[in-house]
Structure formats: C-alpha cells, structure tokens
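Coordinate analysis (summary)
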6 protein chains.
Amino acid sequence: MEFTHFNENGRAKMVDVSEKPDTLREAAAAGRVFMKAETLKLIEQGAVKKGDVLAVAQVAGVMAAKKTGHLIPMCHPLFLTGIDLNFNIDRERFCIEVEAVVRTLGKTGVEMEALTAVSAACLTIYDMCKSVDREMVISDIRLMKKSGGKSGEFVRVESK
Amino acid sequence: MEFTHFNENGRAKMVDVSEKPDTLREAAAAGRVFMKAETLKLIEQGAVKKGDVLAVAQVAGVMAAKKTGHLIPMCHPLFLTGIDLNFNIDRERFCIEVEAVVRTLGKTGVEMEALTAVSAACLTIYDMCKSVDREMVISDIRLMKKSGGKSGEFVRVESK
Amino acid sequence: MEFTHFNENGRAKMVDVSEKPDTLREAAAAGRVFMKAETLKLIEQGAVKKGDVLAVAQVAGVMAAKKTGHLIPMCHPLFLTGIDLNFNIDRERFCIEVEAVVRTLGKTGVEMEALTAVSAACLTIYDMCKSVDREMVISDIRLMKKSGGKSGEFVRVESK
Amino acid sequence: MEFTHFNENGRAKMVDVSEKPDTLREAAAAGRVFMKAETLKLIEQGAVKKGDVLAVAQVAGVMAAKKTGHLIPMCHPLFLTGIDLNFNIDRERFCIEVEAVVRTLGKTGVEMEALTAVSAACLTIYDMCKSVDREMVISDIRLMKKSGGKSGEFVRVESK
Amino acid sequence: MEFTHFNENGRAKMVDVSEKPDTLREAAAAGRVFMKAETLKLIEQGAVKKGDVLAVAQVAGVMAAKKTGHLIPMCHPLFLTGIDLNFNIDRERFCIEVEAVVRTLGKTGVEMEALTAVSAACLTIYDMCKSVDREMVISDIRLMKKSGGKSGEFVRVESK
Amino acid sequence: MEFTHFNENGRAKMVDVSEKPDTLREAAAAGRVFMKAETLKLIEQGAVKKGDVLAVAQVAGVMAAKKTGHLIPMCHPLFLTGIDLNFNIDRERFCIEVEAVVRTLGKTGVEMEALTAVSAACLTIYDMCKSVDREMVISDIRLMKKSGGKSGEFVRVESK
C-alpha cells in the first residue's frame, strides 16, 4: 500500500491521469455543524422569514466546489457538470447536516469537490452565526458515496 | 440575540466595520482527521523520509487562510500578518490533529481564517491519502482561542 | 484634462497612491435588469417562497466586490470594510433595480467596487433567469454617490 | 415556465449537464459605455498614440470571460476555446460599443462568458476614464447571438 | 511570419481552437536559480532535515501551473492531467535547476503551463531564501520539450 | 544565518510581521526575454502599429503583482499602492528588458511583487510570440533596488 501523490524523489506531484478514460463520476459527501439549541432555532427562523443563513451557505458550497483545484494542491482542475447541496436540521443532536453531491464526466473522481463543498458550507454557517455562538463545532466531514471510474462504487456503511 | 450579517431586507451583507479601530488580533483553531492505523503509519513514515503528506497540507493551510475572503461570502478581506500550522500525530485515537494560528492588525477577528486554514489542511491530508483510505473523517474543527477586538479574549474550555 | 492611468511611455499603470492619507470612503452604484413581465413575476414569487434569485445575486455581488482588483486591471486591491446590496422590483418599467454600497478606510475610492458588485448581481440575475428569458438587458450601471478623499463628494443628479 | 437553477428545497444548484453531448457553442454579447464628447475624444486619441484605454479593456474582457464560473455562482466552469472582443466608437451617440464573441466545445452555452467579458471591458473603460468623467453610464448589455446546443440558434432582433 | 494572438483590429484575442482535435500533449520546461554557495548549502541541509525550501517550491509550482490561464492573458484555460517538478542541485554552478513536466489531453499545448510552473517554483525559492541572499538571479527559463498537436515534437538542442 | 520561513518543526510558515511598523516600501526588479532578431523586429513593429505584444505584457505584469500572495505560498497578502512596468528593446543583445516598480505602505517589502510582475510580463511575451519563436529564453530576473523597512536600502551593483 502506497501513496500515489509522490514522485521518485518523494516530492508531491499531481498524478498523471492522461490515459484514463472519461467516465461519468459522482460523489456525495456530508458533514455536520453542532451548535447551541438557540442558535439552531435562529437559523430555522431565518430560513422561513428574514435572514436565511443556509441560502448563503448553499452558494458558498457551490462556488467552493469549483475552486477545489486551487485549494487542494495536488487535486486536478475539473469541469464539473453538476453541484447540489442539501441541509437537514437535526433538532435532537442540535446540528445542521450538510450534504453535497457533485458530478462530472472526466478522468478523476470528484470526492474532493464534494468534501470541499461541504467544508465551505459548514464554515459559512459558522461565519454567519459566530456573533451568537462561537463554540460551534464542524464534524463528521466524510465521503458518503462515490461512483464511476476504475475503483468502482463506494458506499459508506454507518452504524447509526 | 440576533445575527449581524443581514440587512433590513433580510439579505446577507458584509457587516460595516469602518469605524472599528485597528487592533492586534489572533485566533487559533484546531481539527482532527481520523483514519486507519495503517494510514497513520504511512504518514508518519513519509514525514521522516520520502513523501511528506504534512508538508503539502501545511502549504495548503497557509494559502487557504489567505483566500478566506474569497471562500466565505460575508467574510472581510484581510491583510494577514502571520499564519502558522502545526500537526500532532495522535497514535491512540488514530488521528492527526491540526492547529492553525493566524494574526492580523485590523478591524475584524481572524477566526474564519484560522478555521479555513485547518479545513484546507485536513482536506489536503484526505486528498493525499485517499488512495489508501477513503473512510477518513474530518472532525472537531473548532475555535480554540481568540484575542483582540471589542469582544475580548475567548479560550475554549474542553473537558478531557 | 488627461488620463491618470498611463505612464510616460503611454502604457497602463496602477497609479501610485502611497502618499495619500487613509480616509473613510463610500460609494453607491446602481443598475437595472430589464425583462419580460412574466420573468419579473417569477422572480417575485421565488423571493417569497421557493427559489430566491435575488438571494443568489446578493451573494454574487458581495463576493465580486472583493474581487474587483483582480477583474479591473489597474484597480488597487483594497481592504473593504462594508458591502451591501439592495434590490427593488419596478413593476412599471419591468425591471429589477440593483443598488450597492461599499465602504473602506483607505487611500482610493471604492466606486469600481460598487460598480462591480452591481454588474455581478445583474449578471447573476440574468444567469438564473436565462432559461425563461434570454432577452433581458442590463442597463444604467452608474455611480450614484461617492464620498471621502480629495475629490470630495459626488451625488449624481438624475431627472428621473 | 420555471427556473431550472433551484433544487427541490428551493435552493440554488448548479444544474446537472452530465448527460448533454459536447457541441460547438458560440455566443456574442454587446454593451455600451455612454460618456461625454470630450471623454470619447480622449479615448480616440489615446488609441492612436499614447495611452490606449481599449487595449486594457480588451485584456480585461478576455481574462474576465475565463473567470465567469468564479463570478456567477451557478455557472458551470468551462474550457473556452476562443474569446475575442471588438470596440466601435459611436460619435453620434457618444458611446463605445463593446462586442464579445466566445466559443467552446462543451455541454453548456457560453452566453454568460460573453456577457461577463462585455461587462468587465465596460467597467475597465469606466475605471481608466473616471478621473475625467465620473458620470459615464454602462448600458445595453445583452445577448446578441447564440448557437449550438439543444435550444438552437438565437439571434436578437433589434429595431434601429 | 505573423503573430496569431491579434484580431483584425490589432487587438489581442484568445485564439480560436474549437476545431482542433484533442490530442495527448506534454511539455517540459526548465530554469535555474543562481545563488551564493552558502545559500545553496542551507537549502541542501534543509532538504535533508528541518526546513525544506524545495517542498514548498514544489507545491507552488504545481498550483501555479493550474492558474496559468488566469496569469497569462491570452492563454486557454485547460484541464491538466498531470504536473510534476524536479529539482537538481548544481554545486558547480551554484544553482538549483528546476524542471517541470505538464500533460494534458486537449486542443492546445501546455508549454505555458510548464514555464509558469518553473517560474513560480523559482520565485518561491527566492522568497524562502531572500532573508539570507537578496542577490539570487532566476535565469534560463525555457522550453525543453513539447509533443502532441499539429506542430509536432520539439526538443531543445543545447550545447551545454 | 538562517531561514526565517520555518517554524520549530521545520515546516513552512508565513512569518509574523504584526509588530513591524508601516513604512513606505518600494522595490524594483528586472528581467530579460532573449529571442531571435526577427521576433524582436515583429514586436517592435507591432508596438507602433497593429498587435502590441507589450501592451498585453504590461497588463499581465500589473495583474500578477496583485496576485503574488496567492502564487508564492509564504508571501504576505499586501495592499499595493502603485505598480508600473517598463520595457526596453535591446537590439544588440536581441532581448526585451522588463522592469517593474512596486510600492506599498506596509509591514513587509514588495520585492516578491516586483519579481512576480516581471516574471508574468516575460511569460506573456513568450506566450504572445511562441507561434513564431519557441526558443526564447527568460533570464536575469533579479531584484534591482529596494527601500523602506528595517533592512534598509539595497541597490544591486552590476558590472556592465
């Protein structure tokens, strides 16, 4: 088992994928922002009337996915063909669940794009709410599903 | 208690800080990437010989901090005066702890810059290691400390 | 009367403002997107229930203002201290009026930042609605007000 | 008639075009910068000797077209295969007409890229001339022509 | 013999390559950073223990290659499929040789991407070492090899 | 003698300059693009009539200076207050000399910004002319002068 991102001198490279075929690829990633009960309530209220935190986080997530190749040093720049995010308010665990689905027709997977979209959306939720709650925690950012490409389908198995 | 990032129409704005004084501000944020024992071992070996994952993550974190205002929609663009990251390998919990410290002399805090640096470093660790471990989880991204500015000093209290 | 943006060889330069004092500066710009009556109606409906075009345009405008120095070649990069946009639906002229107000404490005015915010918001409205109306026209992008700096206050006089 | 850029929760998404075929696509957009007679004369003189405003606007337009996906939130990132701009000085209406033509071989149209090129060129003309004329107005930014893709050819019909 | 990057008005354009076939393209570029003997020694020591200048330059080179279309105005934005850099310490001429190899499957060559990667890596070496040696000189940035596309293979012949 | 850009773990950091005073800083850098006699002649002709390569290189240099902090990993983001470039055609050595002067009022020097402006201008000359001359060489990129800040004035001494 070995890392693929290093050259013969042990220095990082962007792996050569020139010979790989273009296939339809999709990745889904998810994450959670944990917060105080009242912060969650404020976000919920805003979503229905004035001050929609999640509308801003949605745009941030989509735009960040498109910048992945400029944020993650060894990531390939990609033509993304679809990006969507969804938020789910979990009133029992006091968190917002963020899920992003990214698609492309290309030579490499898009898991980094999905994970980056989730991260940026979570950070934006933090930013928009930090004046009322500095102790929010961003957790559980992980790959949920991935299809397309040689390595085949991956579906995360979670107990819960 | 109210969000500050919305205008009178309930739409997001970048809060006006024109009248705030320039003060020395520092923020420290932290996060963790959980992984398989063998992935952690591979990273440790690389750090001492060929293929240093953390050297790439370090650069990614520093560069991402400088892009915070372009990633987080309502974040002020800032002249950062110092950025540093540190990694700690936790062999008991099988994770890498990432900490970032950011400083500026300015009108707004730099907690988003520190959190963004940590997020980008964690995502880079994921990217560099995903060929051997797709199930890594990025968690516990949180503000650890913050000083400077009107709201005064914040130090996160954690059990453990 | 002469342009200030050229050097002695007639080539473009970014004008030297090193010696100018930092003053509080504000600029307001405005623009309009003209469209079919039904397109306007769809936007209005979305703003109150699902599919808020203007929420996306708002974020686009704020983020574009921060990128002005990277879009307009001879524009100074600036630390902006406040950005806000407002939309006004004009049911008689069938257009959406966009206004942006930008502030900074610095050595140069922020009219380009306000005009860029308006332009990006208008383009985003076009993008979000182009599937139903390709013939929208973006017009009347202009400086409305400007204060701070040596050149003093400017207020646009419009017959209206 | 419905907007395509929203998901089932009414939040903005980047529409999935994965299944669309690659076709040759072209879009032409145009716009005008209205100004004082003397400002127009200064630009004309510069174009023939020292201080060519339009040379800078040309470069700004080309570079902005390539950044469209980072400015317009729900726009697909694209590999553009050709970008050109032309300026026409209209001495009767005291304006500069800007036209941009953009081409790609891809899954989505390039009207946003052409409109963005025109907008950035117009803003750059404003920036380069604002020291002599603050009251310039950018107007009539519109799609002129579009070909390729399922929706077929579009040619704007204008009276005049 | 004529430049291809200008339109009929003598203004710069991004050349239309829509009709060109996608072929596998590779370019190699190289450059040198000349420095004092002691600076070179410090870099060598860092590479083996603490403070690896070249690890940072490596990441800078890879990331800059991906930004080429945003730095070089008339350069096509490209999906790069592989980027690698290598450093060679030349103890006789007191310089570090940087070589970059870039690959794509596309319609235009990648020589600008390879040259940009080399330039950014050289500038980063300068930046990391400037506190000990301000007089370093970056030289000999040149195309070494190029294959793919209509113009065929190019291999630089050097006396050496 | 030691590098300043590494932390106690030997990893790169952006040096903390929070405590440094703001002073007026200026840096001048220069470089040369060597080419065939006929290429040089083509550039000269274009500069006086159609197809001005240097006008594009000028804009590229100014815009690149503003992106320095995003290209050179450990470079501080800076508010630049002035950027200018000049080109000198050397008909004896068959090269174009590029010089850039950058100014700021800030806590760190701007030598990297000046060197980056020169590099981007040289790369743009290469790009615009590569269809007629692939063997151009970019050389002698170096700091010429630097003033402001604790380290005092530096003026490069060159024989010739």
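What you are looking at is a predicted structure, and each value in this text was computed from that prediction instead of being measured. (Residues numbered from 1 in each chain as written. Chains lettered and ligands numbered in written order. Predicted model: local features only at pLDDT ≥ 70, side-chain atom pairs only at ≥ 80, totals over all residues. Heavy atoms only, no water.)

Let's talk about the relation of the copies chain A and chain B
Taken together, a rotation about one axis and a shift along it account for how the two chain copies relate. When chain A is fitted onto chain B, the two copies agree to an RMSD of 0.0 Å after a turn of 180 degrees and an axial shift of 0.0 Å. A rotation of that kind, with that shift, is consistent with a two-fold axis. By C-alpha distance to the rotation axis, the residue of chain A lying nearest is S139 of chain A, at 1.9 Å. When the interface residues of chain A are mapped onto chain B, 100% of them again lie at the interface, so the same face is used by both copies. (Least-squares fit on C-alpha atoms with pLDDT ≥ 70 in both. Contact = heavy atoms within 4.5 Å.)

As for the relation of the copies chain C and chain D
Between the two copies, chain C and chain D, the superposition gives an RMSD of 0.0 Å; the rotation angle is 180 degrees and the shift along the axis is 0.0 Å. Comparing contact sets, 100% of the residues at the interface of chain C also lie at the interface in chain D, consistent with an isologous, same-surface contact.

Focus: the pairing of strand 2 (residues 80-90) of chain D
Of all the eleven residues making up strand 2 of chain D, nine are buried; the element is thus mostly covered by neighbouring parts of the structure. Counted between consecutive antiparallel strands, the loop separating strand 2 of chain D from strand 3 (residues 95-106) of chain D contains four residues, among which F94 of chain D sits at a positive phi close to 55 degrees. (Buried < 20%, exposed > 50% of the residue type's maximum accessible area, 1.4 Å probe, protein only. Helix = DSSP H or I, 4+ residues; strand = E, 2+ residues; numbered from the N terminus. Pairing = 2+ DSSP bridges.)

Focus on the interface of chain C and chain D
At the junction of the two partners, chain C supplies 58 residues and chain D supplies 58 residues. Of the roughly 5,000 Å² buried where chain C meets chain D, counting both sides, 67% is carbon and sulfur surface. There are zero salt bridges connecting chain C and chain D. Our count for the chain C to chain D interface comes out at ten residue pairs in polar contact (both at pLDDT 80 or more). For the side of chain C that touches chain D, the secondary-structure elements that each account for two or more residues are helix 1 (37-48), helix 2 (53-66), helix 3 (68-71), helix 4 (111-129) and strand 4 (137-147) of chain C. Grouping the amino acids of the side of chain C that touches chain D by side-chain chemistry returns 29 nonpolar, 14 polar and 15 charged. (Buried area = accessible area lost by both parts, 1.4 Å probe. Salt bridge = Lys/Arg side-chain N within 4 Å of Asp/Glu carboxyl O. Polar contact = N/O pair within 3.5 Å; in protein donor to acceptor, adjacent residues only side chain to side chain. Nonpolar A, V, L, I, M, F, W, Y, C, P; charged D, E, K, R; others polar.)

What to know about the arrangement of the chains
Between chain C and chain E there is no contact; the minimum C-alpha to C-alpha separation amounts to 10 Å. Taking C-alpha atoms only, the smallest gap left between chain A and chain F, which are not in contact, amounts to 10 Å.

Focus on the pairing of strand 1 (residues 23-34) of chain F
Residue and element names in this part refer to chain F. When strand 1 meets strand 3 (residues 95-106), the two strands line up antiparallel, connected through twelve bridges. The partner of G31 across the bridge, within strand 3, is V98. Pairing of strand 1 with strand 4 (residues 137-147), which is carried by eight bridges, proceeds in the antiparallel orientation. Each residue of the ladder has a partner; that of F34, found in strand 4, is V137.

Details of the nonpolar core
What tends to happen in soluble globular proteins is that the nonpolar side chains get buried as a cluster. Core analysis: the largest hydrophobic core is formed by 324 residues, its most contacted members being I125 of chain A, I125 of chain B, I125 of chain C, I125 of chain D, I125 of chain E together with I125 of chain F. Residues contacting I125 of chain D, with those up to four places away along its chain left out, are V33, M35, I43, V53, L54, A57, F87, I96 and V98 of chain D. (Core = buried A, V, L, I, M, F, W, Y, C linked by side-chain atoms within 4.5 Å.)

Brief notes about empty space enclosed by the protein
Think of a ball as big as a water molecule: rolled over the atoms, this probe shows where empty space is left. Summed over all chains, the structure comprises four cavities of 30 Å³ or more. Of the pockets and cavities examined, the largest cavity occupies roughly 460 Å³. Lining the largest cavity we find 17 residues, and of these H70 of chain B, H70 of chain C, H70 of chain D, H70 of chain E together with H70 of chain F sit closest to its centre. Contributions of two or more residues to the lining of the largest cavity are made by helix 3 (68-71) of chain A, helix 3 (68-71) of chain B, helix 3 of chain C, helix 3 (68-71) of chain E together with helix 3 (68-71) of chain F. Residue composition of the lining of the largest cavity, by class: five nonpolar, six polar and six charged. Elements with a contribution of two residues or more to the lining of the second largest cavity: helix 4 (111-129) of chain A together with helix 4 (111-129) of chain B. Considered class by class, the residues forming the lining of the second largest cavity number eight nonpolar, four polar and no charged. (1 Å grid on protein atoms, 1.4 Å probe; cavity = no way out; pocket = protein on both sides within 12 Å on 5 of 7 lines; lining within 4 Å. Points joined across faces, edges and corners; volume = space filled by probe spheres on them.)

Points about the UniProt feature "binding site: substrate" (unreviewed entry) in chain A
All names here are of chain A. As annotated in UniProt, the feature "binding site: substrate" (unreviewed entry) corresponds to M74, C75, H76, M112 and E113 in the numbering used here. In sequence the annotated residues extend across 40 residues, while in space they remain close, none of their C-alpha pairs exceeding 12.6 Å. Mapped onto the secondary structure, H76 falls in the loop between helix 3 and strand 2 (80-90). A residue is classified by how much of its surface remains accessible, and H76, at 8% relative accessible area, is buried. (UniProt positions renumbered as here; feature names shortened; annotations may be inferred.)

Structural notes on the packing of aromatic side chains
Residue and element names in this part refer to chain B. Under the criterion given, the structure shown has six aromatic pairs over all chains. When the ring of F3 is compared with that of F6, the centres are 6.3 Å apart and the planes differ by 50 degrees; the resulting orientation is tilted. Residue class for F3 comes out buried when judged on its relative accessible area of 14%. Judged by its relative accessible area of 13%, F6 is buried. (Phe/Tyr/Trp six-rings, centres within 6.5 Å; stacked < 30°, edge-to-face > 60°.)

Description of unusual backbone geometry
Residue and element names in this part refer to chain A. Even without glycine at this site, F94 takes up a positive phi of about 55 degrees. Within the secondary structure layout, F94 lies in the loop between strand 2 and strand 3 (95-106). Residue F94 is classed as partly exposed on the basis of its relative accessible area of 37%.

Looking at helix 4 of chain B
Three or four residues apart is the spacing at which side chains of an α-helix point the same way, because the helix has 3.6 residues per turn. Its 19 residues place the ends of helix 4 of chain B 27 Å apart at the C-alpha level, agreeing with the 27 Å of an ideal helix rising 1.5 Å per residue. Most of helix 4 of chain B is tucked away: 19 of the 19 residues are buried. (Expected span 1.5 Å × (residues − 1).)

Focus on the interface of chain A and chain B
Each partner contributes to the interface: chain A provides 58 residues, whereas chain B provides 58 residues. The tally of links from chain A across to chain B stands at zero salt bridges. Elements that contribute at least two residues to the side of chain A that touches chain B include exactly helix 1 (37-48), helix 2 (53-66), helix 3, helix 4 and strand 4 (137-147) of chain A. The biggest single contributor to the side of chain A that touches chain B is helix 4 of chain A, with twelve residues. The residue makeup of the side of chain A that touches chain B, split by class, is 29 nonpolar, 14 polar and 15 charged. Here strand 4 of chain A runs beside strand 4 (residues 137-147) of chain B; their pairing, made up of two bridges, is antiparallel. Paired with I141 of chain A across the strands is I138 of chain B, a residue of strand 4 of chain B.

A closer look at the environment of A27 of chain A
All names here are of chain A. Its place among the elements puts A27 in strand 1 (residues 23-34). Judged by its relative accessible area of 0%, A27 falls in the buried class. With 76 residues separating them along the chain, A27 and R103 place their C-alpha atoms 6.6 Å apart. Not counting the four nearest positions on each side in its chain, A27 is found in contact with A100, V101, V102, V110, E111, A114, L143, K145 and K146.

A word on the packing of helix 2 (residues 53-66) of chain B against helix 2 (residues 53-66) of chain E
Across the interface, helix 2 of chain B lies against helix 2 of chain E with an axial gap of 10 Å and an inter-helix angle of 60 degrees. One element, helix 2 of chain B, and the other, helix 2 of chain E, form an angle in the oblique class. Seen along the crossing, helix 2 of chain B lies across helix 2 of chain E with a hand that is right-handed. The residues of helix 2 of chain E that touch helix 2 of chain B, namely those facing A55, V56, V59 and M63 of chain B, are A55, V56, V59 and M63 of chain E. Among the residues making up the contact of helix 2 of chain B with helix 2 of chain E, the classes are represented as eight nonpolar, no polar and no charged. (Axes fitted to C-alpha atoms, helices over the stretch in contact; angles between N-to-C directions. Parallel < 35°, antiparallel > 145°, perpendicular 65-115°, else oblique. Left-handed = near helix turned anticlockwise from the far one by under 90°.)

Some points on the pattern of salt bridges
Using the criterion set out here, one finds 72 salt bridges over all chains in the structure. With a closest N to O distance of 2.7 Å, R91 of chain A and E44 of chain A form a salt bridge. Residue R91 of chain A is found in the loop between strand 2 and strand 3, and its partner E44 of chain A is found in helix 1; the two are separated by 47 residues along the sequence. Judged by its relative accessible area of 53%, R91 of chain A is exposed. Across the salt bridge formed by K130 of chain C and D127 of chain C, the nearest N and O atoms sit 2.7 Å from each other. Several salt bridges converge on common partners, so that one network encompasses D16 of chain A together with E26 and R103 of chain E.

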